Amino acid sequence: MPSPKSLVALLLLALAAPVAAGSPAAPTPSEAIREAVLSSMDRTVDPCDDFYRYACGGWLDKTELPADQARWTRSFSTIAERNRELVRELLESAAADPGPAGGERQQIGDFFAACMNEAAVEKAGTTPLAGPFERIAAIADARDLMAVAGALGRDGVNALLGAGRVPDFKNPGVYLFYLSQGGLGLPDRDYYLSEDPRKRELLGQYREHVTRMLTLAGSPAAAAEAEAIVAFETGLAKASRPRSEMRDRDRLYNKLDRDGLVKLTPGLPWAAFFEGAGHPEIVSINVAVPEFFSGLEQLVAATPIETLRAYLRWHVVRERAELLPAAFVDADFAFYGRALSGQAEIQPRWKRCVDQTGRALGEAIGKLWVEREFAGNSKQVAIEMIEDIEKAFEANLPNLAWMDDATRARAVEKARKVSNKIGYPDVWRDYSALAISRGDFFANVTAADRFEADRQLAQIGRPVDRNEWLMTPHTVNAYYMSTANEIAFPAGILQPPFFHRDHPAAMNYGAIGAVMGHELTHGFDDQGRKSDGDGVLREWWEPEVAAKFEAAAACVERQFSAFEVEPGVKVDGKLTLGENIADLGGLKQAFSAYQSWKERHGAPPPFAEGLTHDQLLFVSFAQVWCTEASPEFLRRQVVTDSHSPGSFRAVGAAMNLPAFRQAFSCEEGDRMVAAPTCTVW
Ligand SMILES: [Zn+2]
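Presented here is a report on the structure given in the accompanying data block. Note that this is a predicted model, so its numbers are computed, not measured.

**Things to note about the pairing of strand β2 (residues 162-168)**
Now for step 1: Within β2, five of the seven residues are buried, which leaves it mostly tucked inside the rest of the structure.
Now for step 2: Here β2 pairs with strand β3 (residues 171-180) via seven bridges, running antiparallel. Residue R165 lies in a different strand from β3, and its bridge partner there is F177.
Now for step 3: Between β2 and β3, which follow one another and run antiparallel, lie two residues.

The structure is reproduced here in structure tokens:
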């Protein structure tokens, strides 16, 4: 937990207002907290009409989207930026005083220092591309192609397909090799296939971008290659499932062995692929999208070998652009940052180097970060809150009209089996076998990618590591993992404005409490509900109850599908369904958990004139989602992100909650009273 001093610093940051010269005294913590909440609001607005403006208007008026961001939120971004600065200090200190060779200080210090050494990167020029380019140039047939794709994937360059490691959905104690669709340079198939004029324009810009990058990498025929690459990727896009369908876990489960894989696609030499990936022993496989691989097989057969070589070279350059000289970095940013995401300026190099080091050695940084930032008693408070939320979830089950007794009993059983991870891992990742030098940034990233790929691939067919975290401790986020029936809250999110011991309870419940409820509800959203309490994908619902659940979920889908980020650009209610169900459940549980807290502790002293604690809870929830974003970012988000944009998350759940109506005396017909009202959990 941060010291009170850093709390005040953060609150001032959140206020984003200059402190008046000669101000008499620093505010007390409770004054600073109140000021941070109230100054972010616009209380001239009717909360029943525009609750987003009511909760966030003050913040929106005084906050500009920082030039080096495409989106900026009051909660996540503020904490993440502060974390970055802290991590920078840790890394600079490690770089100045690295300690023994091979130790973690040496690793993170040298990794960061090598990244910061722009002169060395410029001097190396395109030399680091020579190795992979030579391998690609030697490709003569499909066997070579698959071998090189496997080798590139191991070194962090994903091409042709998507691959990874997941627990077996139906036997979640064991890892499978996961093969999925992939191989695109644009963020979604939609960018290749849509008739929308804006997307057509971006596709044209993408073709120019590929040309520019291949030219920089030394290709004499880049324009023609780019043309052929875009055509090839369009073929991959056509073979790919729409993103919203990629959420359907039943359809993603297709377990095969190596013979089955060869039978599915006899034209793709898989033995060469696994050989190239350095793990020929892998036999336990899940092919998430079989039809994609049939499409890939046909495409590979129909595409000239020189196009396939150019395609692979492009993906090496694309994936490694940040590790190359400024000409590559700037061109990469101009397309992916500016054109595609609406970010005005590239982030300063130190920020990018903090992120690169975090990707390579996240837990080594996290360990130091936790020592410095996370007080042990935060964990206890968080556990108590989670238990409250879980009780609220269970207590609400009898009120659900669509539920029957048999399914309810099984839901209770599943909820009681949810395990919690809080703060940071019990056992830290061992990086000792990873060699990092101060001299070669490109080689460091490749080594770290290979180290991580080998770690994961060596686990295929073996028992799942229940200790593993999917996020580093300083990450400002949380997750539910269905195969483990587990919720996890990294130390990074247990900070203001989500959580602080000095916050009124209503604020903590509205912010981190709703996040906890959100993650818990994921276990019961339209996909999470398909696994049982042990994380096994199997049907445990009575059929009539499942049908009623689907109907309740369809209400949420329709409601969110009507939200527009700009005229004609709508939220995808199907893609965001799981997240929206989780938001509705999370806020509801947070509110009722807070009511039990009040029963135990008594009513707290007034927070502010004209703002009850029940109201404060909803304001605190919405203020998590105060968001500035570029139009390009929002257009991209509705295509690629399973989360609704912040302005809708701030209000979508509350619109459906009777408790919200009561707290603000809203009436039917008000914009903040959804008609019909959706209730899932
Ligand atoms: Zn979620």
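**Focus on the coordination of the zinc ion**
The reference angle at a metal is 109.5 degrees if four donors form a tetrahedron and 90 or 180 degrees if six donors form an octahedron.
Now for step 1: Protein coordination of the zinc ion is provided by H518 (NE2), H522 (NE2) and E579 (OE), with donor distances spanning 2.0 to 2.1 Å.
Now for step 2: When the donor residues of the zinc ion are listed from N- to C-terminus, their spacing reads H-x3-H-x56-E. Of this pair, H518 sits in helix α22 (residues 505-522) while E579 sits in helix α24 (residues 577-601); the two residues are 61 residues apart in sequence, bridging distant segments of the chain. Of the two residues examined, H518 and E579, each falls in the buried class.

**Details of helix α21 (residues 441-457)**
Now for step 1: Here α21 contains 17 residues, and its C-alpha end-to-end distance of 24 Å stays within 8% of the 24 Å for a straight helix at 1.5 Å per residue.
Now for step 2: The complete set of buried residues in α21 reads F441, F442, N444, V445, T446, A448, F451, A453, R455 and L457.
Now for step 3: Its side-chain oxygen at 3.3 Å from the backbone nitrogen of F442, D440 defines the N-terminal cap of α21.

**Some points on empty space enclosed by the protein**
Now for step 1: In the structure shown here, the tally under the stated rule is five cavities of 30 Å³ or more.
Now for step 2: Estimated volume of the second largest cavity: approximately 60 Å³.
Now for step 3: Contributing to the lining of the second largest cavity are V37, R74, P497, M507, A511, S620, Q623 and V624.
Now for step 4: Of all the secondary structure elements, the ones that give two or more residues to the lining of the second largest cavity are α22 and α25 (613-623).
Now for step 5: Counted by class, the lining of the second largest cavity contains five nonpolar, two polar and one charged residues.

**Quick word on the environment of L494**
Now for step 1: Its place among the elements puts L494 in the loop between β8 (486-490) and α22.
Now for step 2: The sequence separation of L494 and A478 amounts to 16 residues, and the corresponding C-alpha distance is 9.9 Å.
Now for step 3: Excluding residues within four positions of it along the chain, L494 makes contact with F374, A382, I422, F489, F499 and I512.

**Section: the nonpolar core**
Now for step 1: If you look at the biggest cluster of nonpolar residues, it comprises 208 residues, and the most contacted ones within it are F51, Y206, W270, F498, F618, F664 and W681.
Now for step 2: The leading source of residues in this core is α22, at ten residues.
Now for step 3: Discounting chain neighbours no more than four positions away, the residues touching F664 are P47, C48, F51, Y54, Q615, F618 and V619.

**Structural notes on the packing of helix α19 (residues 377-396) against α24**
Axis angle and axis distance: for two packed helices, these are the angle between their axes and the distance between the axes, and together they describe the pair.
Now for step 1: Across the interface, α19 lies against α24 with an axial gap of 8 Å and an inter-helix angle of 110°. Taken together, the axes of α19 and α24 lie roughly perpendicular to each other. Every residue of α24 that contacts α19 at D388, I389, A392, F393 and N396 is listed here: K588, Q589, A590, S592, A593 and R600.
Now for step 2: Partitioned by chemical class, the residues of the contact of α19 with α24 number five nonpolar, three polar and three charged.

Conventions we followed
Residues numbered from 1 in each chain as written. Predicted model: local features only at pLDDT ≥ 70, side-chain atom pairs only at ≥ 80, totals over all residues. Heavy atoms only, no water. Buried < 20%, exposed > 50% of the residue type's maximum accessible area, 1.4 Å probe, protein only. Helix = DSSP H or I, 4+ residues; strand = E, 2+ residues; numbered from the N terminus. Pairing = 2+ DSSP bridges. Donors = N, O, S within 2.8 Å, 3.2 Å for Na, K, Ca; no water. Expected span 1.5 Å × (residues − 1). Polar contact = N/O pair within 3.5 Å; in protein donor to acceptor, adjacent residues only side chain to side chain. 1 Å grid on protein atoms, 1.4 Å probe; cavity = no way out; pocket = protein on both sides within 12 Å on 5 of 7 lines; lining within 4 Å. Points joined across faces, edges and corners; volume = space filled by probe spheres on them. Nonpolar A, V, L, I, M, F, W, Y, C, P; charged D, E, K, R; others polar. Contact = heavy atoms within 4.5 Å. Core = buried A, V, L, I, M, F, W, Y, C linked by side-chain atoms within 4.5 Å. Axes fitted to C-alpha atoms, helices over the stretch in contact; angles between N-to-C directions. Parallel < 35°, antiparallel > 145°, perpendicular 65-115°, else oblique.

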